[in-house]
Amino acid sequence: MKMIMAVIKPFKLDEVREALTGMGIEGLTVSEVKGYGRQKGQTEIYRGTEYAVNFLPKVKIEVAVGDDRAETAVEAITKAAATGRIGDGKIFVLDVTHTVRIRTGETDADAL
């Protein structure tokens, strides 16, 4: 099993969710986060005064999938989240060693 964590621009969330549900992936977790990458934030002007925004608003999506679906899910997220501009985000794929569905006690692949 794999845990896919994707940090994307907030306005791309619906497109990514639709891409994943179109694949049959039913569950995902979404968190509002802040961060920066190579762009090191940005400069904005508010009421005529320029100031630096060091941490940009992002959305972090976490979804657990079977090993056989991980690459397809990564491709779907990449395609749906891409704008072609700096700050599109990153995707991390981690190994999951054990999963338990609390309600039923199902484990590992059955718990997904």
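Provided above is the structure to which this section pertains.
An account of the accompanying structure is given in this report. On a predicted model such as this, the values are computed, not experimentally measured, just so you know. Each residue is numbered by its place in its chain's sequence as written, counting from 1. A pLDDT threshold of at least 70 governs which residues receive local features in this predicted model, and a stricter bar of 80 or more applies before side-chain atom pairs are shown or counted, although totals over entire chains, interfaces and linings include all residues. Each side-chain value is worked out from all heavy atoms of the structure, with water and hydrogens disregarded.

1. Looking at the pairing of strand 1 (residues 2-8)
Spelled out, the test is: Between any two strands, pairing holds if DSSP finds at least two bridges. Strands here mean DSSP runs of E at least two residues long; helices mean DSSP runs of H or I at least four residues long; both are numbered from the N terminus.
Pairing analysis gives seven bridges linking strand 1 to strand 5 (residues 56-65), with the strands arranged antiparallel. Each residue of the ladder has a partner; that of I8, found in strand 5, is V59.

2. Some details on the pairing of strand 5
As judged from the seven bridges shared by strand 2 (residues 29-35) and strand 5, these two strands associate in the antiparallel manner. Across the sheet, T29 pairs through a bridge with E62, a residue of strand 5.

3. As for the environment of V33
Rules: Partly exposed describes any residue whose relative accessible area lies between the buried limit of under 20% and the exposed limit of over 50%, with all areas from a 1.4 Å probe on protein chains only and scaled to the type maximum. Two residues form a contact once any of their heavy atoms are found within 4.5 Å.
Examined against the element boundaries, V33 turns out to sit in strand 2. You can call V33 partly exposed: its relative accessible area is 25%. For the pair V33 and V59, spaced 26 residues apart in sequence, the C-alpha separation works out to 5.6 Å. Contacts of V33, omitting those with residues within four sequence positions, involve L56, P57, K58, V59 and K60.

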